[in-house]
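What follows is the residue order along each chain.
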Amino acid sequence: MSSVFFNDAVKTIPPDSIIIEIGPHFLLQTLLRRTVGPKALYFGLMKRNEENNIKFFMDTLGNCKKKQKFKELIRSKSNII
């Protein structure tokens, strides 16, 4: 069994990143916002007890795409971790 170096990995996230969590509970949102900082954009793609997670997923992607930072990120794929 290998160790998970979450703390080390989080420290490598640039402060102006777009963070997309794929999971039903938004478990990492508070920790990541505290660690990475307020300049980062955070999006969760699923929500616990959401009646229609496909709609939630698509709405979240739409909100993410509206951000100018997202367009800049897509242009420079080297920033994707």
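Attention here is on the structure that accompanies the text. In this text, all values refer to a predicted model and were calculated from it rather than measured experimentally.

Here we take up the pattern of salt bridges. A full pass over the atoms with the stated rule returns one salt bridge. A salt bridge links D59 to K55; its shortest N-O distance comes to 2.7 Å. Separated by four residues within a single helix, D59 and K55 lie in helix α3 (residues 53–66), roughly one turn from each other. D59 sits in the partly exposed class, given a relative accessible area of 37%.

V10, I19, L32, V36, A40 and Y42 together form the largest nonpolar core, which totals six residues. Residues contacting I19, with those up to four places away along its chain left out, are I13, L32, V36, A40, L41, Y42 and F43.

Both strand β1 (residues 18–21) and strand β2 (residues 41–44) contribute to a ladder of four bridges, which runs parallel. Each residue of the ladder has a partner; that of I19, found in β2, is Y42. Regarding topology, helix α2 (residues 29–36) serves as the crossover connection from β1 to the parallel β2, and that connection is right-handed.

So, about the environment of K55. Exposure remark for K55: the relative accessible area of 48% places this residue in the partly exposed category. With 10 residues separating them in the primary sequence, K55 and L45 have C-alpha atoms 9.9 Å apart. A distance of 2.7 Å separates the side chain of K55 from the side chain of D59, its partner in a polar contact.

Reading the values: rules and limits
By convention here, each chain's residues receive numbers from 1 onward along its written sequence. Side-chain atom pairs in this predicted model are given and counted only at pLDDT of 80 or more, local residue features only at pLDDT of at least 70, and totals for whole chains, interfaces and linings cover all residues. Note that water and hydrogens are dropped before the side-chain values are worked out from all heavy atoms of the structure. Here, a salt bridge means any Lys or Arg side-chain nitrogen found within 4 Å of an Asp or Glu carboxyl oxygen. The helix count covers DSSP runs of H or I at least four residues long, the strand count covers runs of E at least two residues long, and both are numbered beginning at the N terminus. The buried label applies to any residue whose accessible area, calculated with a 1.4 Å probe on protein chains only, is under 20% of its type's maximum; exposed applies above 50%, and partly exposed to all values in between. Residues belong to one nonpolar core when they are buried, are Ala, Val, Leu, Ile, Met, Phe, Trp, Tyr or Cys, and are joined through side-chain atoms within 4.5 Å. What makes two residues a contact is simply this: any of their non-hydrogen atoms within 4.5 Å. For two strands to count as paired, DSSP must find a minimum of two bridges between them. Handedness of a crossover: with both strands directed away from the viewer, a clockwise path from the first strand across the helix to the second marks it as right-handed. Identification of polar contacts relies on pairs of N or O atoms within 3.5 Å, with a donor-acceptor requirement for protein atoms, meaning one able to donate a hydrogen and the other able to accept it, and with residues adjacent in sequence counted only if both atoms are side-chain atoms.

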